[in-house]
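Here are the chains, one letter per residue:
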Amino acid sequence: MSRIVYVNGNYLPEEEATVSIFDRGFLMADGVYEVTSVLDGKILEFPGHSARLERSLRELDMALPVTMDELLTIHRELVARNELVEGMIYLQVTRGNPGDRDFAFPDPAATPSTLVLFTQSKPGLADNPVAKKGIKVISIEDIRWGRRDIKTVQLLYPSMGKMMAKKAGADDAWMVEDGFVTEGTSNNVYIVKDGKIITRQLSQDILHGITRAAVLRYAAEAQMEVVERAFTIAEAQAADEAFFTSASAFVMPVVEIDGVALSEGKVGPVATRLREIYLDESRKTAI
Ligand code: PDD
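Values in this document were obtained by computation on a predicted structure and should not be read as measured data.

Q: Would you mind showing me how to read the pairing of strand S13 (residues 241-246) here?
A: On any regular strand, side chains alternate: one points to one face of the sheet, the next to the other face. When you tally the buried positions in S13, you get 6 out of 6 residues, the bulk of the element. Of the two faces of S13, the one holding Glu-241, Phe-243 and Thr-245 and the one holding Ala-242, Phe-244 and Ser-246 are both buried throughout. One ladder, built from 5 bridges, connects strand S10 (residues 188-193) with S13; its direction is antiparallel. Counterpart to Val-189 in the pairing with S13 is Phe-244. For S13 and strand S14 (residues 250-257), the ladder comprises 5 bridges, and the chain directions are antiparallel. Across the sheet, residue Ser-246 finds its bridge partner in S14, namely Phe-250. Here S13 folds back onto S14, and the loop between the two strands holds 3 residues.

Following this line, the structure appears as structure tokens:
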């Protein structure tokens, strides 16, 4: 069965789905996106993802060609048509196809936004064996633009960061600016010291992770102490535990930072517990 994707009002087999070469997403990386996970055929954290999408669009003066209710229907329709049980839904909105290349934004009345969604089937996402082993990260300089709170499709540097990590025999990279860790290439990062969960405070320097918000809420409900502040790589290397969060990885333990093992290279209890709580709770609220 060919994957059914959504493009500008149509559900099509992926081979038939096309976007113009003049689309500003393609020419200018002028677009925003969301990644939402699906467990048991249900969508996780839809209200959070749709609110962040609205905010990203507003910050860039971009319009969404459908309502939020319609967007939920499209998500559900794609889950149903592709019989998606476990995996992700990728959504992208770009400033459309003005018919030529021009730096100035086109008139939105004449150039509607492009809306594309597709599913990614990932059986075993929740039961990922990597979460029992933990992953290794390296640190790299954060040279991205200054509005990382907007979820844009400008992902060249994060992709380069992943490749730098791969080359170094690691799994991911944590980015550092002015001596402090901002975030991972595609996730928010945390350390645990003396029972406290420490993660960078929200600002324009990092993406406001939907998984981050949920995990911090569940941590507080479980009487775990959370401190929102920046930390250095040296502090992270001296921590009891480290982990990251994202819609596609949930809570993922980190056991090595720049070659230094944390808690003897083993996954720690806080990350393990938070992953369990996150999976349990988000399954309950999935729609
Ligand atoms: N990435 N920070 C960055 C830079 C990200 O790209 C992501 C998500 C996050 C975590 O946000 P959330 O919890 O809402 O997924 C933080 C997605 C998964 C991606 O690009 O595939």
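Q: So what exactly am I meant to see when it comes to helix H6 (residues 210-221) here?
A: Each turn of an α-helix holds 3.6 residues, which means side chains three or four residues apart point in the same direction. Taking 1.5 Å per residue as the helical rise, H6 with its 12 residues ought to reach 16 Å, and the 17 Å between its terminal C-alpha atoms agrees with that figure. Here H6 has its buried residues at Ile-210, Thr-211, Arg-212, Ala-214, Val-215, Leu-216, Tyr-218 and Ala-219. In the stretch just after H6, Gln-223 is the one whose phi turns positive, near 65°.

Q: Would you take a moment to explain the packing of aromatic side chains for this structure?
A: The relation between two aromatic rings is expressed through the spacing of the ring centres and the mutual angle of the planes. Summed over all chains, the structure comprises 7 aromatic pairs. Arranged with centres 4.9 Å apart and planes meeting at 25°, the rings of Tyr-90 and Phe-118 form a pair that is stacked. Of this pair, Tyr-90 sits in strand S5 (residues 87-94) while Phe-118 sits in strand S6 (residues 114-121), and the two are 28 residues apart along the sequence. Tyr-90 gets classed as buried once you look at its relative accessible area, which sits at 15%. In this structure Phe-118 comes out as partly exposed when scored by relative accessible area, which is 24%. Ring pairing ties together the aromatic residues Tyr-33, Tyr-90 and Phe-118, which thus form one cluster.

Q: Please explain the site of the ligand as it appears in this structure.
A: What surrounds the ligand is a group of 19 residues, the closest being Tyr-33, Arg-52, Glu-183, Thr-211 and Ala-247. Take Lys-151: an N or O atom from its side chain is 3.3 Å from a nitrogen atom of the ligand. Side-chain polar atom of Thr-211 to an oxygen atom of the ligand: 2.6 Å apart, as the coordinates give it. Its free accessible area being 480 Å², the ligand has 90% of it covered by the protein chains. Residue assignment for the shell around the ligand shows that the elements contributing at least two residues are strand S3 (31-39), helix H2 (46-59), H6 and S13. Tallied by class, residues from the shell around the ligand come to 5 nonpolar, 10 polar and 4 charged. Counting contributing residues, the shell around the ligand receives three or more from each of domain 1 (4-121) and domain 2 (130-285).

Q: Whenever I open this one, the packing of H6 against helix H8 (residues 269-285) confuses me. Can you help?
A: Angle between the axes and distance between the axes are the two parameters that describe a pair of packed helices. Orientation of H6 relative to H8, taken along the N-to-C sense of each, is 105°, at an axis distance of 10 Å. Overall, the two elements H6 and H8 adopt an arrangement that is roughly perpendicular. Contact with H6, carried on its side by Thr-211, Ala-214, Val-215, Tyr-218 and Ala-219, involves Leu-274, Ile-277, Tyr-278, Glu-281, Ser-282 and Thr-285 of H8 and no other residues of that element.

Q: Explanation requested: helix H5 (residues 156-167) in the structure shown.
A: In this model, H5 (12 residues) spans 16 Å end to end at C-alpha, consistent with the 16 Å of a helix rising 1.5 Å per residue. Within H5, the full set of buried residues consists of Tyr-157, Pro-158, Gly-161 and Ala-165. Around the axis of H5, the buried residues are gathered within 100° of arc, so they sit on the same side. For H5, exposure combined with an orientation more than 90 degrees from the buried face picks out Leu-156, Met-163, Lys-166 and Lys-167. Tucked inside the fold, the buried residues of H5 contact strand S7 (135-141) and strand S8 (172-177).

Q: I'm lost on the domain arrangement of the protein in this one. Help?
A: You'll often see interface size given as the accessible area lost when the parts meet. As assigned here, the protein comprises domain 1 (4-121) and domain 2 (130-285). Put simply, the middle of domain 1 and the middle of domain 2, counted by C-alpha atoms, are 26 Å apart. Across the domain 1 to domain 2 interface the summed buried area is about 2,000 Å²; carbon plus sulfur atoms make up 60%. Interface area lost by domain 1 to domain 2 is led by Tyr-33, Glu-45 and Arg-52, which between them contribute 32%. Where domain 1 meets domain 2, there are 3 salt bridges. Two residues, Asp-40 and Arg-283, come together in a salt bridge whose shortest N-O distance is 2.9 Å.

Q: Help me out: how do you make sense of the environment of Ser-282 in this one?
A: Relative to the helices and strands, Ser-282 is located in helix H8. When the C-alpha positions of Ser-282 and Lys-266 are compared, they lie 26 Å apart, and in sequence the two are 16 residues distant. When residues no more than four places from it in sequence are discounted, the contact partners of Ser-282 are Leu-44, Glu-45 and Tyr-218. A polar atom in the side chain of Ser-282 sits 2.5 Å from the backbone oxygen of Tyr-278.

Cut-offs and rules
- Residues numbered from 1 in each chain as written.
- Predicted model: local features only at pLDDT ≥ 70, side-chain atom pairs only at ≥ 80, totals over all residues.
- Heavy atoms only, no water.
- Buried < 20%, exposed > 50% of the residue type's maximum accessible area, 1.4 Å probe, protein only.
- Helix = DSSP H or I, 4+ residues; strand = E, 2+ residues; numbered from the N terminus.
- Pairing = 2+ DSSP bridges.
- Expected span 1.5 Å × (residues − 1).
- Phe/Tyr/Trp six-rings, centres within 6.5 Å; stacked < 30°, edge-to-face > 60°.
- Near = heavy atom within 4 Å.
- Polar contact = N/O pair within 3.5 Å; in protein donor to acceptor, adjacent residues only side chain to side chain.
- Areas by Shrake-Rupley, 256 points an atom, 1.4 Å probe, with all protein chains shown as cover.
- Nonpolar A, V, L, I, M, F, W, Y, C, P; charged D, E, K, R; others polar.
- Domains from an automatic or database assignment.
- Axes fitted to C-alpha atoms, helices over the stretch in contact; angles between N-to-C directions.
- Parallel < 35°, antiparallel > 145°, perpendicular 65-115°, else oblique.
- Contact = heavy atoms within 4.5 Å.
- Arc of directions from axis to C-beta.
- Buried area = accessible area lost by both parts, 1.4 Å probe.
- Salt bridge = Lys/Arg side-chain N within 4 Å of Asp/Glu carboxyl O.

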